[in-house]
Amino acid sequence: DLPENAMRLTVGRERIYVYGGGNEKATALYVIDPNRGHAKLCALPSPVGAASVVGDTLYFSAANDVYRLAPGGEMNLICHLPGPAITSLTAAGDDVVYFTAGRTLYTWQLGKVGILSEGLGDTVCWRDGALYVLDTEKQSLMKLESLPCLGAMPQETP
């Protein structure tokens, strides 16, 4: 049984993470390990809105913040955005995350945040070397390949 209604999940190596829910009090993140059972990893001040795993590292968002939970249990805030809450997030590799907030597509790479595009969509997924962006408003799906590295991007935010 899940602790909240409408929970979502992301799957990592030998672990499943569940988060979010149908209300504003769904601020906890849980881990399910087939060999060890389940446990509450943490509770945050805001609901957990999105999560993604790459290797053994979990990236997740709560309101305008993106966190990284590294193997061994070390959790760090890696970026804070002004403006709307983060609605979708996907990890593309070690130290590379794509996420959306207010229909703006962002990337976080090696400690820097940059804007890739505004008005592009609202849900992201990294798969087989490409970023898929779903625009529920326009009912379209885009596949983005050969994305630029952050150092070459014209717009950056702190």
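All of these numbers come straight from a predicted model, not from anything done at the bench.

Calculation criteria
- Residues numbered from 1 in each chain as written.
- Predicted model: local features only at pLDDT ≥ 70, side-chain atom pairs only at ≥ 80, totals over all residues.
- Heavy atoms only, no water.
- Helix = DSSP H or I, 4+ residues; strand = E, 2+ residues; numbered from the N terminus.
- Rg over C-alpha atoms; globule rule 2.2 N^0.38 Å.
- Buried < 20%, exposed > 50% of the residue type's maximum accessible area, 1.4 Å probe, protein only.
- Contact = heavy atoms within 4.5 Å.
- Pairing = 2+ DSSP bridges.
- Salt bridge = Lys/Arg side-chain N within 4 Å of Asp/Glu carboxyl O.
- Axes fitted to C-alpha atoms, helices over the stretch in contact; angles between N-to-C directions.
- Phe/Tyr/Trp six-rings, centres within 6.5 Å; stacked < 30°, edge-to-face > 60°.

Peer 1: Teacher, can you tell me more about the overall build of the protein here?
Peer 2: Helix and strand counts for the protein stand at zero helices and 16 strands. A compact globule built from 158 residues should have a C-alpha radius of gyration of about 15 Å, and the protein, at 15 Å, falls within 12% of that. Judged by the C-alpha coordinates and their principal axes, the protein covers about 45 × 30 × 30 Å. Taking all 158 residues of the protein together, 43% fall into the buried category. When contacts within the protein are restricted to residue pairs at least 6 apart in sequence, those whose partners lie at least 24 apart make up 29%.

Peer 1: Can you walk me through the pairing of strand 1 (residues 8-12) in this structure?
Peer 2: Looking along a regular strand, one sees the side chains alternate between the two faces of the sheet. Judged from the five bridges that link them, strand 1 and strand 2 (residues 15-19) form a sheet pairing that is antiparallel. Looking at strand 2, one finds that Gly12 is bridged to Arg15.

Peer 1: Help me understand the pattern of salt bridges, please; the structure alone is not making it clear to me.
Peer 2: Tallied over the entire structure, the rule returns eight salt bridges. Of the charged contacts in the structure, one is a salt bridge between Asp95 and Arg68, with a shortest N-O distance of 2.6 Å. Remark: Arg68 occurs in strand 7 (residues 65-69) and Asp95 occurs in the loop between strand 9 (86-93) and strand 10 (96-101); sequence separation between them is 27 residues. Linking Asp122 and Arg103 is a salt bridge whose minimum nitrogen-to-oxygen distance equals 3.9 Å. A residue pair is termed long-range when its members are at least 10 positions apart, and Asp122 in the loop between strand 12 (112-118) and strand 13 (123-127) and Arg103 in the loop between strand 10 and strand 11 (104-109) qualify at 19 residues. Both residues of the pair, Asp122 and Arg103, belong to the buried class. Here the residues in one salt-bridge network are Arg103, Asp122, Asp135 and Glu137, joined through shared partners.

Peer 1: How should I be thinking about the pairing of strand 3 (residues 28-33) in this particular structure?
Peer 2: By the criterion of burial, strand 3 is predominantly enclosed, with five of the six residues buried. In the sheet, strand 2 pairs with strand 3 via four bridges, with the strands oriented antiparallel. Bridge pairing in strand 3 places Tyr17 opposite Val31. The turn joining strand 3 and strand 4 (residues 37-43), which pair antiparallel and follow one another in sequence, is formed by three residues.

Peer 1: Would you take a moment to explain the sheet that holds strand 8 (residues 75-80) for this structure?
Peer 2: Each strand in a sheet pairs with another by means of backbone hydrogen bonds, the pair being arranged parallel or else antiparallel. One open sheet accounts for four strands, arranged 5-6-7-8; its pairing is antiparallel. Strands with a single pairing partner mark the edges of an open sheet, and in this sheet they are strand 5 (48-54) and strand 8. This sheet shows a mean twist of 20° between the axes of neighbouring strands, independent of strand direction.

Peer 1: Teacher, can you tell me more about the packing of aromatic side chains here?
Peer 2: For any two aromatic rings, the description comes down to two numbers: the centre-to-centre distance and the angle of the planes. The tally for this structure, following the rule as stated, stands at four aromatic pairs. A centroid spacing of 5.3 Å and a plane angle of 15° characterise the contact between Phe60 and Tyr67, whose relative ring orientation is stacked. Given the relative accessible area of 0%, Phe60 is considered buried. Since its relative accessible area comes to 12%, Tyr67 is described here as buried. With centroids separated by 5.7 Å and ring planes inclined at 15°, the aromatic side chains of Tyr98 and Trp126 adopt a geometry described as stacked. Linking Tyr98 in strand 10 with Trp126 in strand 13, this pair joins segments that are 28 residues apart in sequence. Classification of Tyr98 as buried rests on a relative accessible area of 4%.

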